[in-house]
Amino acid sequence: MGLTHIATASSIMEETSRVLDFMEQQREQRRRLEDNIRRIQTNIKVLYKKTMDCKKVCDGKCREAEQLTQQLTEGKGSAIPVKDIEKLKQKQLKAVVNAEQADANYKSAIDSLEQTRIQWEQETEKTCDDFQLLDEERIGYNRNSMWILTNIGSSMSVREDEMFEEIRKGLEKCDVDADIQLFIRQKQTGSERPECIESENFFGGLLEKNGNSIVQPKPPANMKTVWTGLSGRTGANALTQDHPTLPIIQSASIYSDITDTDVNESIVNDLYDDCINFKQKPKKIQFRVLYDFEGRTTEELSLNENDQVTLIQKETSEWWEVETKDGTKGFFPAIYLELI
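Residues numbered from 1 in each chain as written. Predicted model: local features only at pLDDT ≥ 70, side-chain atom pairs only at ≥ 80, totals over all residues. Heavy atoms only, no water.

## A word on the environment of Leu113
As a reminder, the rule being used: Numbering of helices and strands runs from the N terminus, with a helix taken as a DSSP run of H or I at least four residues long and a strand as a DSSP run of E at least two residues long. The rule is simple: take the accessible area with a 1.4 Å probe, protein chains only, and divide by the maximum for that residue type; under 20% is buried, over 50% is exposed, in between is partly exposed. Contact between two residues is taken to exist if any of their heavy atoms lie within 4.5 Å; hydrogens are not considered.
Its place among the elements puts Leu113 in helix H2 (residues 82-172). Leu113 gets classed as buried once you look at its relative accessible area, which sits at 18%. Between the C-alpha atom of Leu113 and that of Leu47, which follows or precedes it by 66 residues, the distance is 5.5 Å. If sequence neighbours within four positions are ignored, Leu113 has contacts with Ile44, Leu47, Tyr48 and Thr51.

Right under this line is the structure:
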C-alpha cells in the first residue's frame, strides 16, 4: 500500500510539473504581447509630443507671415520709402516660406501619429485575440489536468479498497496459537540443555620465596607465555575501564597443579602480613618493580624495572596504590612488586 501511495504521489508530481511548465510558457507569451503593445504606446506618446511642438511652431510662423503681409499692404499706400518697402517685402516672403515649411512639418507629424495610432489599434485588437486564445488554452489545459488528477485519485481509491479487502481476508485467517507454534518451529534450538563449561588451568610459574621477598623472574624465551586479566577494583578509587592483562609464566613443570588464584592469594597474603601495620611504623614500606609496565588509564602508573615505590594502601588484592620517589601517586599491579 505504501508503494502504491508513492507511485500515486509520483504521478501527481509529474502532472503538477507539466502544469507549472505550461503556466510558465503562457506567462512568457503574455509578456511578449504586452511588451509589443507597450512599445507602440510609447511611440504614440513620442509622436504626439512631436506633433504638438510642430503645431506651436507652425502657429507662430503663420502669425508672423500674416503680420508682415499686413504691414506690406499698409506700407504700399503710405509715404514709406521704396527701399524700406523692398526690405519689408523680402522679410514677408521669407516668413511665408517658413510658415509653409512649418505647416508641412505639422502635417507630416499628424500623418505619422495617425499611422502609429492605426498600428496601435490593430496590434491591440490582435493582442486581445491572442489573450483570448491563451485563456482558452489555459482553461482547457487546466481542465484536462484536473481530469487526470481526479482519475488518479479515483484509481487510487479503487486500489486501496482492493488492498484493504485483501488485508481483511488475511486478518480473518489470522490464528494467534498457530502463529506462535509456527514461530517455535522456525526458531527452536532443541530441548536438551547444553553441557556445563568446565574451568581449565592455564596458570603456571616459578615462584621462589626467600624470607620476606617474593622473586618472580622474567619469562625465559623458550617458555610459553599466556595472559590473565586482573579483576577490576572496587570502592571510591575504582577504575572505570578494564585493566590490561599481565604476563604470567606458563610451565608444564611440577607447578602445574598450582592455580593462578592460589598464587595470587599467596602473594597478597605474604605482602599484606609485612605491611598490614605499616601506618604505625616510622619507616614506610618500600617495593621494587620487577617488570616494565605501562598504565592504560590516568590512574595507573607507568614504571620501569628496578624503580622503587612506597606503598600507600591496598586497593584490592591485585591493585595497590603506591607513590614514586618524585611524589607521583597511582595504582600498580601487586604481582609486579617485590618487597625490599
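## Structural notes on the packing of aromatic side chains
Put simply, the rule reads: In this scheme Phe, Tyr and Trp rings, the latter by its six-membered ring, pair at centre separations within 6.5 Å, and the angle between planes marks the pair as stacked below 30 degrees, edge-to-face above 60, and tilted otherwise. The criterion is that NZ of a Lys, or CZ of an Arg, lies within 6 Å of the ring centre and within 35 degrees of the ring normal, and then a charge sits over that ring.
Tallying each qualifying case throughout the model produces seven aromatic pairs. For the pair Tyr291 and Tyr336, a centre-to-centre distance of 5.4 Å together with 75° between the ring planes defines the contact as edge-to-face. Linking Tyr291 in the loop between strand E5 (286-289) and strand E6 (308-314) with Tyr336 in the loop between strand E8 (329-333) and strand E9 (337-339), this pair joins segments that are 45 residues apart in sequence. Both residues of the pair, Tyr291 and Tyr336, count as buried. Following the ring pairs from residue to residue traces out a cluster consisting of Tyr291, Phe293, Trp319, Phe332 and Tyr336. It is Arg30 that lies over the ring of Phe131; its NZ or CZ is 4.6 Å from the centre.

## Digging into the pairing of E6
Keep this limit in mind: Whether two strands pair comes down to DSSP finding at least two bridges between them.
As paired strands, E5 and E6 are joined by three bridges and run antiparallel to one another. Directly across from Arg288, in E6, lies its bridge partner Gln308. Alignment of E6 against strand E7 (residues 319-324), held across five bridges, turns out to be antiparallel. Looking at the pairing, Val309 lines up with Thr324 of E7. Between E6 and E7, which follow one another and run antiparallel, lie four residues.

## Some points on the pairing of E8
Across the five residues of E8, four count as buried, placing the element largely inside the fold. The sheet contact formed by E7 and E8 spans five bridges and is antiparallel. Residue pairing for E8: Glu321 is matched across the bridge by Phe331. Counting the residues that bridge the hairpin from E7 to E8 gives four residues, and of these Gly327 lies at a positive phi of roughly 90°.

## Some details on the environment of Ser145
For Ser145, the location among the structural elements is in helix H2. Linking Ser145 and Arg18, residues 127 residues apart in sequence, is a C-alpha distance of 8.9 Å. If we ignore the near neighbours within four places in the chain, the residues touching Ser145 are Glu15 and Val19.

## Overview of the nonpolar core
If you look at soluble globular proteins, the nonpolar side chains tend to sit buried side by side. Counted only if it meets this: The definition of a nonpolar core used throughout is a set of buried Ala, Val, Leu, Ile, Met, Phe, Trp, Tyr and Cys residues joined through side-chain atoms within 4.5 Å.
With 20 residues, the main nonpolar core has Phe287, Trp320, Val322, Phe332 and Leu337 as its most contacted residues. Those elements that place two or more of their residues in this core are E5, E6, E7, E8 and E9. What Phe332 contacts, discounting residues up to four positions off in sequence, is Val289, Phe293, Leu301, Leu303, Glu318, Trp319, Trp320, Val322 and Leu337. Grouped together as the second largest cluster of nonpolar side chains are seven residues, Ala65, Leu72, Leu88 and Ala95 included.

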